[in-house]
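# Architecture and fold: a report
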Amino acid sequence: MIALIDCNSFYASCEQVFRPELKNKPVVVLSNNDGCIIAANKEAKALVHIPMFEPVFKIKNILDANKVTCFSSNYTLYSDMSRRVMDTLQQFSPLVEEYSIDESFVDLSHYDSSELRQIGLEIKSTILRHTGIPVGVGIAKTKVLAKMANKFAKKMTCGTAVYVVDSEERRQSLLRSAKPKDIWGIGKKHALRLEKAGCKNALDFTNLEVAWARKEMTVIGERLWRELNNSPCLDLKTQTDPKKGIGTAKSFGYKLEDFGLIEEACSYYVAEVADLLRQQKSAASQIEVFLTTNYHSEFDNQYHNKIILSLDQPTNSTITLTQIALKGLRRIYRPGYRYKKVGVNLFHLVPDGTIQLGLFEQSKKSEDKGLTKTIDLLNSKFGKNKIKLATVGNREKQWALIKEHRSPRYTTQWEELLTVGKPNDK
DNA sequence: TCTGGGGTCCTAGGACCC
DNA sequence: TCTGGGGTCCTAGGACCC
């Protein structure tokens, strides 16, 4: 049996842990640039139907009128809280798949099926005690059923947020309660197809021929069909594969025309992705740079372009990658537009250290490896970007993301630790 | 005025190879 | 008139997820 543990409105819950006065109060968390709503706790959801990714400005009145507390996203805090939740799960099973920042699949096959409900409750209460984060637990024979049981558990108003699919009746009532679009792995397109085929709920889907699922929804559909019918097709992935591409693309806080500023933002992002690349001990053979205006704007002239540059030799050096990226940026930049976003993607990643040279190439004598290592060391000791390339500049305020409501990084920065007691006691 | 960012998996079709 | 059969690798685009 497999459990799916999912944190309740995770980002909002993280914020509430350190602001106990917000307990039972509506809280939302905003995307980068404070643009959209990306998480809302149940109190906030009860006030107003908030579609995910709703632009804030459209419902600002409602938020203000109801005194909803808004937070800018604070990923440093959320990642650290996530790690604490995941560490706690290890107590219950050695086989854990971290599916996303706020959910994990856990193998429970070493428990007797009669204990599973109790184990589910224990997982829930232990995580709450260790981290302050409330979770829901779904337990079933397959991943898809566990995922859906989890959702079901959270929906039950009177329940304990733990649902175990341990009988055929429970499986059927679970599936009957889920509309096609609520099936994990079924998006808009497939939901429409299912409805056309006469499915009113997930149970109807499992009663179609498996061949239909295969034909209409490829092998993914067939796996889903089988998983819902209690036959496991998706393995637990307990080891994370190295990423196949690493990229970043963030909107500017403001619209930019000045090439110099865009260049600085681009350099900053290259440094970020190169850092991630070195952390997973890979090197990239290709770099893509893209530049775009704000496609929502009706007033601005639009321009989008990208360029992909191949490297003669895979590298993870920030210096080399920056040189090439900026060369690309220069080629796609056109003056006279108000740009909103620049992005960098690294592709064709290979393990660092086993880099294949071209037939007529000589190894570039470890490039600037020593220098890079020293810079990484200094930055890990004294803080991100203490040492950086001059191309990153010092004008971050003129392009960086807007985060007006960011909470302190309570768990990772000494200066931002939570203070308990009267302010004057310091 | 203001609209996120980072991923995975699968398939069809092109371009090759022997 | 008649034009094989078995592959691999790569990419773009679709669909989906958090």
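I will try to describe carefully the structure that is included in this document. (Residues numbered from 1 in each chain as written. Chains lettered and ligands numbered in written order. Predicted model: local features only at pLDDT ≥ 70, side-chain atom pairs only at ≥ 80, totals over all residues. Heavy atoms only, no water.)

### A short note on the protein's contact with DNA strand C
For clarity, the cut-off: If a single non-hydrogen atom of a residue is within 4 Å of a molecule or strand, that residue counts as near it. Identification of polar contacts relies on pairs of N or O atoms within 3.5 Å, with a donor-acceptor requirement for protein atoms, meaning one able to donate a hydrogen and the other able to accept it, and with residues adjacent in sequence counted only if both atoms are side-chain atoms.
What surrounds DNA strand C is a group of 14 residues, the closest being Asp102, Lys147, Gly185, Gly187 and His190. Among atoms of DNA strand C positioned within 4 Å of the protein, sugar and phosphate together represent 100%. At 2.8 Å from a phosphate oxygen of DNA strand C is found a main-chain nitrogen or oxygen belonging to Gly185. At a separation of 3.4 Å, a phosphate oxygen of DNA strand C approaches a polar backbone atom of Lys188.

### Some thoughts on helix H7 (residues 168-176)
Since the α-helix advances by 3.6 residues per turn, residues separated by three or four positions end up pointing in the same direction. For the record, the criterion: Three exposure classes are used, based on accessible area relative to the maximum for each residue type with a 1.4 Å probe and protein chains only: buried under 20%, partly exposed in between, and exposed over 50%. In this description a helix means any DSSP run of H or I spanning at least four residues, a strand means any run of E spanning at least two, and both kinds are numbered starting from the N terminus. Within this analysis, the arc is defined by the directions that extend from the helix axis to the C-beta atoms. Working rule for contacts: check all heavy atoms of both residues, and any pair within 4.5 Å makes them a contact.
Among the residues making up H7, those that are buried are Arg171, Leu174 and Leu175. For H7, the angular spread of the buried residues around the axis is 90 degrees, confining them to a single face. For H7, the secondary structure elements touched by its buried residues are helix H6 (143-155), strand E8 (162-164), helix H9 (202-206) and helix H10 (210-228).

### Examining the packing of helix H11 (residues 259-279) against helix H12 (residues 318-332)
Heads up, the condition is: Throughout, an axis means a line fitted to C-alpha atoms (over the contacting stretch in the case of helices), and angles, computed between N-to-C directions, take values from 0 to 180 degrees. Should an angle fall under 35 degrees it is called roughly parallel, over 145 degrees roughly antiparallel, and 65 to 115 degrees roughly perpendicular, with every other angle called oblique. Should the near helix be turned anticlockwise from the far one by less than a right angle, the crossing is left-handed, and should it be turned clockwise, the crossing is right-handed.
Between H11 and H12, the shortest axis-to-axis distance is 9 Å and the interhelical angle comes to 140 degrees. When the axes of H11 and H12 are compared, the pair comes out oblique. As H11 runs across H12, the sense of the crossing is right-handed. Packed against H11, whose contacting residues are Phe259, Ile262, Glu263, Cys266, Ser267, Val270, Ala271, Ala274, Leu277 and Arg278, the element H12 presents Thr318, Leu321, Thr322, Ala325, Leu326, Leu329 and Arg330 at the interface.

### A closer look at a nonpolar patch on the surface
This is how it is decided: Like charges within 9 Å and nonpolar side chains (Val, Leu, Ile, Met, Phe, Trp, Tyr) within 5 Å are joined into patches, using only residues over 30% in relative accessible area that form no salt bridge. Here the accessible surface of atoms and residues is derived via Shrake-Rupley with a 1.4 Å probe, and residues count as covered only by protein chains that are part of the display. Note on definitions: salt bridges are taken to be side-chain nitrogens of Lys or Arg within 4 Å of carboxyl oxygens of Asp or Glu.
There is a patch of nonpolar side chains on the surface, built from Leu378, Phe382 and Ile387 and spanning about 260 Å² of accessible area. If you trace the backbone, Phe382 turns up in helix H13 (residues 369-382).

### A closer look at the sheet that holds strand E9 (residues 246-256)
Backbone-to-backbone hydrogen bonds pair the strands of a sheet. The strands run either parallel or antiparallel. Test applied: Here the rule is simple: two strands pair whenever DSSP picks up at least two bridges between them.
Taken in spatial order, the four strands of this open sheet run E9-E12-E10-E11, and their pairing is antiparallel. Of all strands in the sheet, those bounded by a partner on one side alone are E9 and strand E11 (304-315). Adjacent strand axes in the sheet meet at a mean angle of 15 degrees when their direction is disregarded. The pairing of strand E10 (residues 282-293) with strand E12 (residues 339-351) spans eleven bridges and is antiparallel. Note that in E12 the partner of Ser282 across the bridge is Pro351. Strands in contact with H11 are E9, E10, E11 and E12; relative to E9, the strand with the most contacts, it is inclined by about 155 degrees.

### Some words on the protein's contact with DNA strand B
Keep this limit in mind: Residues are grouped as follows: Ala, Val, Leu, Ile, Met, Phe, Trp, Tyr, Cys and Pro are nonpolar; Asp, Glu, Lys and Arg are charged; every other residue, Gly included, is polar.
The immediate surroundings of DNA strand B are formed by 25 residues, with Phe53, Arg223, Thr248, Ala249 and Ser251 found nearest. Near the protein, within 4 Å, the atoms of DNA strand B are sugar or phosphate in 70% of cases. One of the side-chain nitrogen or oxygen atoms of Thr248 is found 2.5 Å away from a phosphate oxygen of DNA strand B. The backbone of Ser251 places a nitrogen or oxygen atom 2.6 Å from a phosphate oxygen of DNA strand B. Mapped onto the surface near DNA strand B, the elements with two or more residues apiece are H10, E9 and E12. Sorting elements by how many residues they give to the surface near DNA strand B places E9 first, with six residues. Of the residues in the surface near DNA strand B, the class split is eight nonpolar, nine polar and eight charged.

### Quick look at the packing of helix H4 (residues 75-89) against helix H5 (residues 116-131)
Put simply, H4 and H5 touch, their axes get as near as 10 Å, and they point 140 degrees apart. Compared by their axis directions, H4 and H5 come out oblique. As for the relative orientation of H4 and H5, their crossing is right-handed in sense. Of the residues in H5, those touching H4 at Met81, Arg84, Val85, Thr88 and Leu89 are Ile123, Thr126, Ile127, His130 and Thr131.

### Examining the nonpolar core
Which entries qualify depends on this criterion: In plain words, nonpolar cores are sets of buried Ala, Val, Leu, Ile, Met, Phe, Trp, Tyr and Cys residues tied together by side-chain atoms within 4.5 Å.
Formed by 37 residues in total, the largest nonpolar core has its most connected members in Ile262, Ile287, Leu329, Val342 and Trp399. For this core, the secondary structure elements donating two or more residues are E9, H11, E10, E11, H12 and E12. With sequence-adjacent residues up to four places away left out, Ile287 is seen in contact with Ile307, Ile308, Leu309, Leu311, Leu321, Ile324, Ala325, Val344, Asn345 and Leu346.

### A few points about the side chain of Glu15
By secondary structure assignment, the location of Glu15 is in helix H1 (residues 10-17). The contact partners of Glu15, leaving out residues within four places of it in the chain, are Val29, Phe71, Ser72, Asn74, Leu77, Tyr78 and Ser407.

### What to know about H6
The following threshold applies: To estimate how far a helix should reach, multiply one less than its number of residues by 1.5 Å.
Along its 13 residues, H6 runs 19 Å from first to last C-alpha, staying within 8% of the 18 Å computed at 1.5 Å per residue. With ten of its 13 residues buried, H6 lies for the most part within the structure. When we look at burial in H6, the residues that qualify are Lys143, Val144, Leu145, Ala146, Lys147, Met148, Ala149, Asn150, Phe152 and Ala153.

### Structural notes on the packing of aromatic side chains
Stated precisely, the cut-off is as follows: Any two of the Phe, Tyr and Trp rings considered here, Trp counted by its six-membered ring, make a pair once their centres fall within 6.5 Å; the pair's planes then place it as stacked at under 30 degrees, edge-to-face at over 60, or tilted in between. The rule is short: NZ of Lys or CZ of Arg within 6 Å of the ring centre and within 35 degrees of the ring normal puts a charge over the ring.
The final tally for this structure, using the stated rule, is 17 aromatic pairs. Arranged with centres 4.3 Å apart and planes meeting at 10 degrees, the rings of Tyr11 and Tyr78 form a pair that is stacked. With Tyr11 in helix H1 and Tyr78 in helix H4, the pair connects residues that are 67 residues apart, well separated along the chain. For the pair Tyr11 and Tyr78, a shared accessibility class is recorded, and that class is buried. Measuring from centroid to centroid gives 6.2 Å for Tyr303 and Tyr339, while their planes differ by 75 degrees, and the two rings are edge-to-face. In this pair, Tyr303 sits in the loop between E10 and E11 while Tyr339 sits in strand E12, placing the two residues 36 residues apart along the sequence. The burial state of Tyr303 is the same as that of Tyr339; both residues are buried. By way of ring pairs, the aromatic residues Phe259, Tyr303, Tyr333, Tyr337 and Tyr339 are connected into one cluster. Across the ring face of Phe105, the terminal group of Lys143 is positioned such that the distance to the ring centre comes to 4.8 Å.

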